[in-house]
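The chain contents come next:
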Amino acid sequence: MLDHIDGKTLKLLFKGGSQYLSNKSDEVNKLNVFPVPDGDTGSNMAYTLNYAVKEMEKTSDNINDILNNLSRGALLGAKGNSGVILSQIIRGFAKSLLNHDIITTKDFAEALNMGSSVAYKAVMKPTEGTILTVVRDCANEALKLSKIKDFEVFIDGIVKAAAESVERTPDLLPVLKQAGVVDSGGKGFLFILLGMLETIKGHEVVQEYTTKDVSTNETDLTNINFKYCTEMLINANSQMSHKLKSEIESFGDSLIVVGDDDLIKVHIHTNNPGLVLQNGLKYGDLLKVKIDNMKIQHENVILESKNNLKQDNSLSAKKYGFLAVSPGDGISKIFKELGCDVVIDGGQTMNPSALDILNGLEKINAENIIVFPNNKNIIMTCEQAMTMSDKNIYVIATESFNQAISAIINVDANMSIDDVIRSINDTIEKIRTIEITYSIRDSVIDGIDIKSGDILGFVDGKFTAIGTDYNEVALKIISDNISEDTAIITVYYGKDISDNKAKDLQNDLQNFISFDGDIDIQYGGQPLYYYVISIE
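Being a predicted model, the structure only gives us computed values, none of them experimental.

### Observations regarding the sheet that holds strand β5 (residues 318-326)
Right, on to step 1. Spatially, four strands are ordered β6-β5-β7-β8 in an open sheet, and the strand pairing comes out parallel. Edge positions in the sheet fall to β6 (342-345) and β8 (393-395), since each has one partner strand and no second. Averaged over all adjacent pairs, the angle separating strand axes in this sheet is 15°, with direction ignored.
Right, on to step 2. Looking at chain direction, β5 and β6 are connected through four bridges and run parallel. Along β6, the bridge assignment pairs S326 with D345.
Right, on to step 3. On top of the sheet, helix α13 (residues 354-362) reaches β5, β6, β7 (366-372) and β8; it is set at about 150° to β5, its chief contact.
Right, on to step 4. Contacting β7 and β8, helix α14 (residues 379-387) runs over the sheet at an angle of about 165° to β8.

### Here's the deal with the packing of aromatic side chains
Right, on to step 1. Inspection of every chain in the model, using the stated rule, returns 14 aromatic pairs.
Right, on to step 2. Ring geometry for Y470 against Y531: centres 6.3 Å apart, planes inclined by 70°, an arrangement best described as edge-to-face. Separated by 61 residues along the polypeptide, Y470 in helix α17 (residues 470-481) and Y531 in strand β16 (residues 531-535) bring together distant segments of the chain.
Right, on to step 3. Residue Y531 is classed as buried on the basis of its relative accessible area of 0%.
Right, on to step 4. Here a set of aromatic residues connected by ring pairs shows up, and it is made of F14, F93, F108, F151 and F154.
Right, on to step 5. The residue whose ring lies beneath K79 is Y47, and the NZ or CZ to ring-centre distance is 3.9 Å.

### So, unusual backbone geometry
Trans is the common state for peptide bonds, and a negative phi is the common state for residues other than glycine.
Right, on to step 1. Of note, the phi angle at N99 is positive, near 70°, even though the residue is not glycine.
Right, on to step 2. On the secondary structure map, N99 appears in the loop between α4 (80-97) and α5 (105-122).

### A closer look at the packing of helix α1 (residues 7-29) against helix α2 (residues 41-56)
Right, on to step 1. Packing of α1 against α2 leaves a shortest axis separation of 8 Å and a crossing angle of 160°. Regarding the angle of α1 to α2, the classification is roughly antiparallel. The handedness of the crossing between α1 and α2 comes out as left-handed. Each of K11, F14, K15, G17, S18, L21, S22, S25, V28 and N29 in α1 lies in contact with α2, whose residues at this interface are T41, G42, S43, M45, A46, L49, N50, V53 and M56.

### Quick notes on the pattern of salt bridges
Right, on to step 1. In the structure shown here, the tally under the stated rule is 15 salt bridges.
Right, on to step 2. We note a salt bridge from K177 to D171, for which the minimum N-O separation is 2.8 Å.
Right, on to step 3. For D171, a relative accessible area of 54% translates into the label exposed.
Right, on to step 4. Notably, a salt bridge pairs K476 with D480, separated by 2.9 Å at the nearest N-O pair. Separated by four residues within a single helix, K476 and D480 lie in helix α17, roughly one turn from each other.

### Thoughts on the state of the cysteines
Right, on to step 1. Overall, the coordinates contain zero disulfides when judged by the stated rule.
Right, on to step 2. C382 provides the cysteine sulfur closest to C340, a residue in no disulfide bond, and the two sulfurs are 13 Å apart.
Right, on to step 3. Classification of C340 by relative accessible area gives buried; the value is 0%.
Right, on to step 4. A relative accessible area of 1% places C382 in the buried class.

### Describing the environment of F151
Right, on to step 1. Examined against the element boundaries, F151 turns out to sit in helix α7 (residues 151-172).
Right, on to step 2. Taking the C-alpha atoms as reference points, F151 and M1, 150 residues apart in sequence, are found 7.6 Å from one another.
Right, on to step 3. Not counting residues within four places of it along the chain, the set of residues in contact with F151 comprises L2, D3, H4, I5, I103, T104, T105, F108 and I200.

Rules of the game
- All residue numbers refer to positions counted from 1 along the written sequence of the respective chain.
- Reporting of local features is limited, given that this is a predicted model, to residues whose pLDDT is at least 70; pairs of side-chain atoms are given and counted only at 80 or more, and all residues count toward the totals for whole chains, interfaces and linings.
- Just so you know, side-chain values use all the structure's heavy atoms and leave hydrogens and water out.
- The pairing criterion is simple: DSSP has to find at least two bridges between the two strands.
- In this description a helix means any DSSP run of H or I spanning at least four residues, a strand means any run of E spanning at least two, and both kinds are numbered starting from the N terminus.
- A fitted line through C-alpha atoms serves as each axis, taken over the contacting stretch for helices, and the angle formed by two N-to-C directions is quoted from 0 to 180°.
- Note on contacts: a residue pair is in contact if any heavy atoms of the two residues lie within 4.5 Å.
- Whether two aromatic rings pair depends on their centres lying within 6.5 Å, for rings of Phe, Tyr and Trp, where Trp uses its six-membered ring; planes under 30 degrees apart make the pair stacked, over 60 edge-to-face, and the rest tilted.
- Working definition: with a 1.4 Å probe on protein chains only, accessible area under 20% of the residue-type maximum means buried, over 50% means exposed, and in between means partly exposed.
- By the criterion adopted, a ring carries a charge over it if an Arg CZ or a Lys NZ lies within 6 Å of its centre and within 35 degrees of its normal.
- For this classification, under 35 degrees means roughly parallel, over 145 means roughly antiparallel, 65 to 115 means roughly perpendicular, and everything else is oblique.
- The crossing is said to be left-handed when, going from far helix to near helix, the turn is anticlockwise and less than a right angle, and right-handed when the turn is clockwise.
- The term salt bridge refers to a side-chain nitrogen of Lys or Arg lying within 4 Å of a carboxyl oxygen of Asp or Glu.
- When two cysteine sulfur atoms lie within 2.5 Å, the pair is treated as a disulfide.

Structure (structure tokens):
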């Protein structure tokens, strides 16, 4: 009977969980609400945990060292929303177990409970029926089972609770039930626990393949209506960060409150920075305070070295810098031509990690850095990277690269940061995004039967059309979504579309729809999506 875990065993548990998830990541990837080829929750979670385990293995068998490296590794390696959430679960788990020489089942249960709590607090609008629900159900069951001394019996009970919780996710999230799948993040967490259970039983979990570089999920556009960008670093108990967050969230927007050890970092846009500081002082000494009036920025320094990713820090910082995530070589070329300082490869099934974003941010020598994730699954990763940097960073919640391209084109370099952000958000709100891809499995969406291989069309993320020819589907959706106010249609064709096929679509648009504006065809090179079309 194993009645406690030491540092060596802790390493084996996380290694087993990581390898088991890696082996099952494709299975998790297929649990996509829409039957399109962009599911990557499993790959993102596996990458995040693999990165954390690699950092963990650099340490001795001291539990504190293991947990510190594991937590930091998960933070830096986090990919996609699922990876970011998993990193927060690990962070809470690790904090609970610091200063332990051994870990009992009671300690493990309390740590899982803290991991659940930290993850919930990290998500601005938690959704039930996701990994958050599964982890919470596991934590509650672990607390009930914590009187059991035998770790094999204990973990087995948690695994059963996780499996039952995963099966209940469609009842909590109707979109899962409609698609006939369970939550992918919850399933991924179950596989981590199964790997730990196999390890406890003495079975070595052999990794079958290397996890692909990929990701998952959500976040809303933020409108900037507040004057002062306010940041503070507080010498305070990090467990109080959620309380501080609840006290100041009504003071503004763009709020981020994160805690680490005995520090709390706050970032908020507000019209009352004094009230923010006053509330912070209730919890501890202010170690660092930074308040920028976004209305009275100085004249912008001319954008320099458009394609030079490594800025010379001996030069004066320019006013604005840009980082964009790009899913294709054609899109990357466009971003660089528009003056983006750093362009990072990424998109569906190839999301960058928080460390990738952080390294990109460090290359930019600018007073203000504007980040375009260009995928809903990368937004949280960019926000996590932002909290790890001391630079003035603004993450714009772009869900597609065409939004970023139009936004950058319309930026006036002489505007204040407040006006720049407002202009960007105004531009994005006026854009409709059409995506043409294909189905990877039989499914039903909104009562429509879909077969594997069908061509699917989406408008702003909503399933709209089905067909057998991608040009015909694209033509129909474009025709249905233009109006007398439409000025330009831009078609970005993917790597699986020939130049001739793209020209055929351009000719069809000119000949078969009533439109007097500009029609622009650009090579994007994006995978999985035949066309991404911007209507402005």
